[in-house]
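As a plain string of letters, each chain reads:
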Amino acid sequence: MGNWVINNGLSSFILVVWMAINIFLFVWFYLFYDLGDQFFYTRHLLGSALAWARAPAAVLNFNCLLILLPVCRNLLSLIRGSLMCCGRTMRKQLDKNLSFHKLVAYTIALMTAVHVIAHLLNVEWYNNSRQGVYDELSTALSNLEDTETTTYLNPIRITDIQIPSYLVFTTIAGLTGVIITLALILIITSSMEVIRRSYFEVFWYTHHLFIVFFAGLVFHGAGRIVRSQQTTDPPHNYTFCKDRIEDWGRIPECPVPQFAGGFPQTWMWVIGPMVLYLCERLLRFIRYMQRVTYRKIVMRPSKVLELQLVKSGFKMEVGQYVFLNCPAISQLEWHPFTMTSAPEEDFFSVHIRSAGDWTEKLINIVQQLCWGIPFLMGVDGPFGTASEDVFAYEVSMLVGAGIGVTPFASILKSIWYKFKDSNPKLRTRKIYFYWLCRETHAFEWFADLLQVLEREMEERGMGNFLTYKLYLTGWDQSTADHVKVRFDEDTDAVTGLKQKTNYGRPIWDKEFEEVRKENPTSVVGTFLCGPLALAKVLEKKCAKYSDVDPRRTKFYFNKENF
């Protein structure tokens, strides 16, 4: 339990606070509408469905306030920079922005379902009351008209059309409700993992329906469908007057009850985040308009494209990422790529693996560029990630899977520059690097950097600073035969490095035990850029091998999220 608290305590506390606020809002507004005297007559028409419609609406307001904040990347980068003086646990929460964004989205979907179902029942009961299906009081309340001396309670004002959907499609609340719900359904369904990975363009375009969603949300409450009893002089006492309908307006004790819709509040919840997000998109547009020049373009093995770019005023930190846009492919699509260059270099680079329609088209365009055909590229960023904190740890474990090695290329390059310049601010004294790949060609573009680091560390007598292990998780017979022939050579048959390639997957218990034994009193940062399944394994190992004793080894898990 102590180990779990080390890695997840603050995250769990934040979730508990968020959940407590949701529960409080739901219960508070449920009781407000279920017990409030001003809603007695409204409850007589609608029953408990009134409270079941309004309580989820309050929770929706709160979560719609939150939903945009985790995707304001410039805001998160600003907060990350301002928290550098704070503990690493606090900064680590920013790396879970997308997980929180999804959690809030699921809550919005659930509350929307409850809200819609309750209001569909309300519309049905409003219509039945207007048709005189229920008791005398319901009919009297529904027959109240908008005049100089009376106000209506039932929003259905006609009796010749007995279709409840008429109200849905002829009122502001009804129309905006339908639009909001349809937009939300499309956003949620297109965000499923299988669609996002296989049809990213579908996910990207439908996600921008959030503009329609928020526009409808702002105007949704303007219809003021839910109405409450207003204070009159003399007052209308419903406990006395509800059984004396024929005396309404005839005796002083029972004036005709007056009703009014509540003031729209949703816009007050969401206007702040909407302005913040608008500023975010404006800043992205300004960055998009800045000119980007090409320093070098290289086609690496395994269909990996390396772009070395130069942009005026561009400053980065290790492990950060940028969003790239190629107008020749799409004016709207932006894709995230981790930078593989070091902050000490006068350019920034990305390595792009062919893994979908957009990357395939980009590679084809680059090949045309070789024939003198120019193309433009928009760059937005850089944005902060968990890897920025790698130098805040005495010991770091870097785990990359496939192209997930890119943030660690930036880190290792920066280390090389720091050693070259004898940087006294380098706090890190040991790095363990693990790279898992399915095919031998994937190692080729990165092996050159490791060879340089290998040689640099030996020349400075710091051969123990970097321990790296490469794992080949897939191979064929020709690879096996090649390794057999060159097995006794000093360098590896696959990479040409002195460190031999391992075949299969790491035994993580053995690796963590070894790190803990070699660093008995250190704080170890474990960084992953790879699949979710591997993240779950490493997170459990960090909890398992962390010692509750603050004087002994502790592992902190960090994962890249885009």
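Heads up: the structure comes first, above all this text.
Residues numbered from 1 in each chain as written. Predicted model: local features only at pLDDT ≥ 70, side-chain atom pairs only at ≥ 80, totals over all residues. Heavy atoms only, no water.

Next up on the list: the state of the cysteines. Enumeration according to the criterion identifies 1 disulfide in this entry. Sulfur-sulfur distance for the disulfide between C241 and C254 comes to 2.1 Å. Its torsion about the S-S bond being -100°, the disulfide of C241 and C254 is classed as left-handed. Placement of C241 in helix α13 (residues 238-241) and of C254 in the loop between α13 and β2 (258-261) is noted, with a sequence separation of 13 residues between them. By the burial criterion, C241 is buried, and C254 matches it. The thiol of C72 is not disulfide-bonded; the next cysteine sulfur, from C279, is found 9.2 Å away. (Disulfide = S-S within 2.5 Å. Helix = DSSP H or I, 4+ residues; strand = E, 2+ residues; numbered from the N terminus. Buried < 20%, exposed > 50% of the residue type's maximum accessible area, 1.4 Å probe, protein only.)

Turning next to unusual backbone geometry. The residue after D233, namely P234, is reached through a cis peptide bond having omega 5°. By the element assignment, P234 lies in the loop between β1 (227-230) and α13. Following G381, the chain continues to P382 via a peptide bond in cis, the omega torsion being 10°. Here P382 is to be found in strand β8 (residues 378-383).

Moving on to the nonpolar core. Among the nonpolar cores identified, the biggest contains 56 residues, and Y41, I108, L141, F213, F214 and W248 are the most heavily contacted of them. If you tally residues by element for this core, the top one is helix α3 (residues 49-66), at 8 residues. F213 has contacts with C64, I108, I180, A183 and L184, leaving out every residue within four places of it along the chain. (Core = buried A, V, L, I, M, F, W, Y, C linked by side-chain atoms within 4.5 Å. Contact = heavy atoms within 4.5 Å.)

Tracing the backbone through its elements, the reader meets G356 in the loop between β7 (348-353) and α15 (357-369). For G356, a relative accessible area of 32% puts it in the partly exposed group. Separated by 157 residues in the primary sequence, G356 and Y199 have C-alpha atoms spaced 8.6 Å apart.

Right, let's talk about the side chain of N122 for a bit. Considering the arrangement of structural elements, one finds N122 in helix α6 (residues 97-130). In this structure, N122 is in contact with L46, A49, L50 and A53, ignoring residues within four places of it in sequence.

Put simply, helix α9 (residues 172-190) and helix α11 (residues 200-207) touch, their axes get as near as 9 Å, and they point 150° apart. Taken together, the axis directions place α9 and α11 in an arrangement best described as roughly antiparallel. Considering how the two elements wind past one another, α9 and α11 form a crossing that is left-handed. Two secondary-structure elements touch here, α9 through L186, I187 and S190 and α11 through V202, F203, T206 and H207. For the contact of α9 with α11, the residue count by class is 4 nonpolar, 3 polar and no charged. (Axes fitted to C-alpha atoms, helices over the stretch in contact; angles between N-to-C directions. Parallel < 35°, antiparallel > 145°, perpendicular 65-115°, else oblique. Left-handed = near helix turned anticlockwise from the far one by under 90°. Nonpolar A, V, L, I, M, F, W, Y, C, P; charged D, E, K, R; others polar.)

Structurally, F62 can be placed in helix α3. Using a relative accessible area of 11% as the deciding quantity, one classes F62 as buried. Each C-alpha atom of the pair F62 and W269 lies 6.9 Å from the other, and the pair is 207 residues apart in sequence. For F62, the contacting residues outside a window of four places in its chain are W18, I21, N22, L25 and W269.

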